[in-house]
Each structure stands twice: as structure tokens, then as C-alpha cells.
Amino acid sequence: MKITVTDAASHWFQTEMGVVAGNGVRFYGKTYGKTAVHHGFSIGLARDDEPHRPIALVEKDGVNYYVNDRDDWFFKGYDLTVDFDAENDGPKYDYHPNQD
């Protein structure tokens, strides 16, 4: 799994969540909702500065964005691009099949 965070998304996380270099943002699967590839589940995020056995981690502007091993079930087979959605004033998520 690979995570990509765009410049616009990074700016949103810094502005809206107050993350700075050395902080972390964890993405995870949660019940209810839907994504382009999941029905009945949606993506969640949390400020979490301590990655625990990450299966994917990318640093952008000094902030670690990651997924822990316990959420492999949600992301298995996909790479994740996190971008900014101006219409909804928040992050948007695009899933791309990978070879995992």
C-alpha cells in the first residue's frame, strides 16, 4: 500500500487540524458510510503522533500520514491518494488498485 498526500490536502491538515512537523495523522476503516470501493464502511482519520506497526507511511511537510496494520483489511489491494475537496472544504480520498 502507498499513501499520497497532495499539497492542498497537506495545507488543509495544517490549517484545520493544526498539525505541524513531528505530528501524525492516522487513516483507518470504520463502520457505516461508503467509499468508492467499500459499501457499509468509510474512512476515518485521527491525529495520532505514534504510528503502531504501520503498513504504509508517508511524510509530507514534516507530518507522518499512515495506516496501522490493524486496518489492513480496509486498505488491502489499494493505494490511497488524499486530496482537498474545495466544494466540501475537507479531504477527499481516491483508491487505486495495487498488486498487494
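To be clear, the structure that these remarks concern was listed above.
Positions within a chain are numbered from 1, following the residues in the order the chain's sequence is written. Given that the model is predicted, a residue must reach a pLDDT of at least 70 before its local features are reported, and side-chain atom pairs must reach 80 or more before they are shown or counted; all residues, however, enter totals for whole chains, interfaces and linings. Only hydrogens and water are set aside when side-chain values are computed; all heavy atoms of the structure are taken into account.

(A) Highlighting the overall build of the protein chain. A run of DSSP states H or I qualifies as a helix once it reaches four residues; a run of E qualifies as a strand once it reaches two. Both are numbered from the N-terminal end. Regarding its fold elements, the protein chain presents 2 helices and 7 strands. Along its sequence from the N terminus, the protein chain presents helices and strands in the succession β-α-β-β-β-β-α-β-β. The size measure is the radius of gyration over C-alpha atoms, and the globule rule it meets is 2.2 Å times the number of residues to the 0.38 power. Taken against the 2.2 N^0.38 rule, which gives 13 Å for 100 residues, the C-alpha radius of gyration of the protein chain at 13 Å falls within 12% of a compact globule. Along the three orthogonal principal directions, the C-alpha set of the protein chain runs to about 35 × 30 × 25 Å. For the exposure calls, accessible area comes from a 1.4 Å probe over protein chains only, and a residue counts as buried if that area is under 20% of its type's maximum, exposed if over 50%, partly exposed in between. Counting every position in the protein chain, which comprises 100 residues, the buried fraction comes to 41%. Any pair of residues with heavy atoms lying within 4.5 Å of one another is described as a contacting pair. Sequence-distant contacts in the protein chain: of pairs separated by 6 or more residues, those separated by 24 or more amount to 52%. Note on areas: Shrake-Rupley with a 1.4 Å probe; residue coverage comes only from the protein chains shown. For the protein chain, the accessible surface area stands at approximately 5,700 Å², while carbon and sulfur atoms represent 47% of it. Counted as positive: Lys and Arg. Counted as negative: Asp and Glu, with His and the chain ends omitted from the count. The atom standing in for a charge is NZ when the residue is Lys, CZ when it is Arg, CG when it is Asp and CD when it is Glu. When the 10 basic and 17 acidic side-chain charges of the protein chain are each reduced to a single mean position, those positions are 5 Å apart.

(B) How the structure looks around the packing of aromatic side chains. Any two rings among Phe, Tyr and Trp, with Trp reduced to its six-membered ring, count as a pair given centres within 6.5 Å; such a pair is stacked if its planes are under 30 degrees apart, edge-to-face if over 60, and tilted if neither. Evaluation of the coordinates by the stated rule reveals 9 aromatic pairs. Consider the rings of Phe27 and Tyr65, whose centres lie 6.3 Å apart with planes at 15 degrees: the pair is stacked. Here the residue Phe27 occupies a position in strand β2 (residues 24–34), and Tyr65 occupies one in strand β5 (residues 63–68), the gap between them amounting to 38 residues. Of the two residues, Phe27 and Tyr65, both sit in the buried class.

(C) Main features of the side chain of Asp48. Along the chain, Asp48 turns up in the loop between β3 (39–47) and β4 (54–60). Distance and chemistry together define a polar contact, namely a pair of N or O atoms within 3.5 Å, with one atom able to donate a hydrogen and the other to accept it when in protein, and with adjacent residues in sequence counting only for side-chain atoms on both sides. At 3.2 Å, the side chain of Asp48 forms a polar contact with the side chain of Arg26. Discounting chain neighbours no more than four positions away, the residues touching Asp48 are Gly24, Val25, Arg26 and Tyr66.

(D) Structural context of the pairing of β4. One requirement defines pairing of two strands: DSSP has to find at least two bridges between them. Where β4 lies against β5, 6 bridges are found, and the strand directions are antiparallel. Across the sheet, Leu57 pairs through a bridge with Tyr66, a residue of β5. If you look at the hairpin formed by β4 and β5, you'll find 2 residues sitting between the two strands, and Asp61 has a positive phi there, around 55 degrees.

(E) Looking closely at the environment of Gln14. Positionally, Gln14 belongs in helix α1 (residues 7–17). Using a relative accessible area of 32% as the deciding quantity, one classes Gln14 as partly exposed. Expressed as a C-alpha distance, the spacing of Gln14 and Asp61, which sit 47 residues apart in the sequence, is 9.3 Å.

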